[in-house]
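# Descriptive structure summary
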Amino acid sequence: YPDNFKIIENRNVGGAGGFTRGMIEAIAEKQKFGLTHVQLMDDDASFDPELFIRAYGFLSMRKAEYQDITLGGSLLREDFHYIQQAAGEWFANFAVQNDFLLADLRKFEICTHEYMCEPIHKNIPYSGWWCCCMSLNVVNADNLPIPLFLHHDDIEFGIRNQKYGIVFLNGFSVWHKGFELTFPGVNTYYDIRNSLITTAVIESKQSLWNTVKWLWKRIIALLIEFRYEEMQLTYLAFGDFCKGPEWLYSVDAEKLNDLLRKQITLKPLENLKVELSAKDYREISLYIEQYRRLYTVGKIEDYFVTNWKVRKFIQKITVNGWLLPSNKKIIALSPIESPFDAFRRKRVVIFEPASLKAKVGKREYVKLLKAICMCLDIGISVPELLKAQKAYRCAILVPEGSLLPYIYKEESYEFITYSDLHQTIHSLDPEHYDLVLFLSHTASALSPQFLDKIYNAYDAGIQAVQLHTVIENHKGFRNHFCAIREEIKNSLCRAGNTQFGLSSYLLGTNMVID
């Protein structure tokens, strides 16, 4: 159906890059086809085609005041079709939060629960992009997702645009496999790195100590479950986050992803015959078969509500038994088991019930030493962590018509165009930004390490910076005079003459304000 469907060839830039490319194409053809919205959906989700009819019906009849409201989609489970995994989530403390998890839609009391009926929730939700419909007045060339490759693109973008409102409709939903059925694998890297980015952007008051503790816990949890590749990916994700947004926008995401995937070694279950004795393989295979047969909603609920922090003192002080004599009996652990279940084990089989992939994990003390070194390095690298967090919290305001967003569209600068400077400054969320930088309509280029120099001044306690403006074209008396005038103004500021203050003449001419 070439008149109705358009397949756009794209290199592998992850789900986030695919969604963004689709948005860019829709923006480009908005006028030609009279497009008003983009519908975002996972490629591995199942859905009822009536979903589009419901969306069209709602959007056709909404009031003018809700013109740009987001239509969020509910997530149902493929294994238990009546279980609603999520209908709006929110983000806090490095994790996705869900106020109404695993709702059984067969039950009247669940379907009429306050959460399902109230128009506004205590914690304002965003919609996952397994199913989400957004206005093209919101999605525009100046408002696109961060290039995160995959995971958290919907979180950051949804929270960034919360002011337009969101609604979840009955029947506007998809079915998807449970996220807990597989180990994160290579996605560990993206989950860690992108959680740090999301936290930097939307939780500016999150303490550095909490961030470091969270990273340490992730490394230790992966260590005691013998998931060493994911432990290494966690450390790598931290290091890449510390490189800042400029690195994020310049890295070859496809090559990086190929490199990450080579580090994960889960294989088909039958491959374990080589590593296990016939008796151990038979027992493990029978256990996994029984596990899959008895997998219930109750098991899933236990996974999401169990507090893994409540553990015996002996498990904590012995690094889950690593400092004690080992128990040589091999056991199997699925993604929903606690890493503490590997207490004192010398070997465990880590398996995925959905894919039937597995591997044998072994206690290796050199990995314990490596984990300690990783944790120490993270603690030492706090200054780099702080610098990277600030780099994600700078808004650059440019007047409408400025060429800078197009000149630097491949780089990490967050440009916001304005028609009324004062109104735009007041509309910025102080929770999301530390600095606002406003440039004049004549600004045509930025110096190398532009933001690094600004952050250095900010770290030194300076709250207002007059940028050094260089006139490009010196030819002619008038241009030469303008260049001299700019250099006089620059010299006054450089010499510490601050008494002339922030005059109305200076406002809008290349300044940074805390």
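Summary of the structure given here. Everything numeric in this text was worked out from a predicted model, so none of it was measured. (Residues numbered from 1 in each chain as written. Predicted model: local features only at pLDDT ≥ 70, side-chain atom pairs only at ≥ 80, totals over all residues. Heavy atoms only, no water.)

The subject of this paragraph is the sheet that holds strand 15 (residues 435–438). Spatial ordering of the open sheet is given by 14-13-15-17-16, a layout of five strands whose pairing is mixed. Whereas interior strands pair on both sides, the edge strands pair on one side only; in this sheet they are strand 14 (415–418) and strand 16 (464–466). Strand after strand, the sheet turns through a mean of 20° between neighbouring axes, direction not considered. One ladder, built from four bridges, connects strand 13 (residues 394–399) with strand 15; its direction is parallel. (Pairing = 2+ DSSP bridges. Helix = DSSP H or I, 4+ residues; strand = E, 2+ residues; numbered from the N terminus. Axes fitted to C-alpha atoms, helices over the stretch in contact; angles between N-to-C directions.)

This part takes up the sheet that holds strand 11 (residues 347–351). Backbone hydrogen bonds are what pair the strands of a sheet, in a parallel or an antiparallel way. Read from one edge of the open sheet, four strands run 9-12-11-10, paired in mixed fashion. Edge positions in the sheet fall to strand 9 (267–268) and strand 10 (331–333), since each has one partner strand and no second. Direction of pairing for strand 10 relative to strand 11: parallel, over a ladder of three bridges. Across the sheet, residue isoleucine 331 finds its bridge partner in strand 11, namely valine 348. Strands in contact with helix 12 (residues 278–293) are strand 10 and strand 11; relative to strand 11, the strand with the most contacts, it is inclined by about 40°. (Contact = heavy atoms within 4.5 Å.)

Look at helix 7 (residues 187–202) against helix 11 (residues 253–261): their axes get within 9 Å of each other, and the N-to-C directions meet at 125°. Taken as axis vectors, helix 7 and helix 11 run oblique relative to one another. In this structure, helix 7 contributes Tyr189, Tyr190 and Arg193 to the contact, and helix 11 contributes Leu256, Asn257 and Leu260. Its residues placed into classes, the contact of helix 7 with helix 11 shows four nonpolar, one polar and one charged. (Parallel < 35°, antiparallel > 145°, perpendicular 65-115°, else oblique. Nonpolar A, V, L, I, M, F, W, Y, C, P; charged D, E, K, R; others polar.)

Counting buried positions over the six residues of strand 13 gives six, a clear majority of the element. By the alternation rule, side chains of strand 13 split into Cys394, Ile396 and Val398 and Ala395, Leu397 and Pro399, which are all buried. Strand direction decides the pairing type here: strand 13 and strand 14, joined by four bridges, are parallel. Note on strand 14: the bridge partner recorded for valine 398 is threonine 417. (Buried < 20%, exposed > 50% of the residue type's maximum accessible area, 1.4 Å probe, protein only.)

Below, the discussion takes up the environment of leucine 248. One can find leucine 248 in helix 10 (residues 244–250). The spatial distance from the C-alpha of leucine 248 to the C-alpha of alanine 55 is 35 Å, given a sequence separation of 193 residues. The residues contacting leucine 248, other than those within four sequence positions of it, are Ile146, Pro147, Leu148, Arg193, Ile197 and Tyr392.

All right, on to helix 8 (residues 208–224) then. Between the first and last C-alpha of helix 8 there are 25 Å, a value that for 17 residues agrees with the 24 Å anticipated at 1.5 Å per step. When helix 8 is considered as a whole, its buried residues turn out to be Thr211, Val212, Trp214, Leu215, Ile219, Leu222, Leu223 and Ile224. If you follow the buried residues of helix 8, they end up packed against helix 7, helix 9 (228–241), helix 15 (365–380) and helix 16 (382–391). (Expected span 1.5 Å × (residues − 1).)

A surface patch of nonpolar side chains, about 250 Å² in accessible area, is lined by Leu101, Phe304 and Val305. Relative to the assigned elements, phenylalanine 304 resides in helix 13 (residues 297–305). Classification of phenylalanine 304 as partly exposed rests on a relative accessible area of 34%. (Patch = residues over 30% accessible without salt bridge, like charges linked within 9 Å, V, L, I, M, F, W, Y side chains within 5 Å. Areas by Shrake-Rupley, 256 points an atom, 1.4 Å probe, with all protein chains shown as cover. Salt bridge = Lys/Arg side-chain N within 4 Å of Asp/Glu carboxyl O.)

Turning our attention to the packing of aromatic side chains. For the coordinates displayed, the defined rule picks out 20 aromatic pairs. Pairing tryptophan 130 with phenylalanine 179 gives two aromatic rings, centres 6.3 Å apart and planes at 35°, and the pair type is tilted. Here the residue tryptophan 130 occupies a position in the loop between helix 5 (114–117) and strand 7 (131–135), and phenylalanine 179 occupies one in the loop between strand 8 (166–176) and helix 7, the gap between them amounting to 49 residues. With 5.7 Å between their ring centres and 5° between their planes, phenylalanine 241 and tyrosine 392 make a pair best called stacked. Placement of phenylalanine 241 in helix 9 and of tyrosine 392 in the loop between helix 16 and strand 13 is noted, with a sequence separation of 151 residues between them. Residue classification places phenylalanine 241 among the buried residues on the basis of a relative accessible area of 1%. Through pairs of rings, three or more aromatic residues link up here, namely Phe226, Tyr228, Trp322 and Tyr365. (Phe/Tyr/Trp six-rings, centres within 6.5 Å; stacked < 30°, edge-to-face > 60°.)

The subject of this paragraph is the side chain of aspartate 153. In this fold, aspartate 153 is placed in helix 6 (residues 153–160). At 9.6 Å, arginine 193 is the nearest oppositely charged side chain to aspartate 153, a buried residue that forms no salt bridge. With residues near it in sequence (within four places) discarded, aspartate 153 still touches Gly15, Ala16, Phe19, Trp129 and Leu148. (Lys, Arg positive; Asp, Glu negative; His and termini not counted.)

Shape descriptors only; they carry no functional weight alone.
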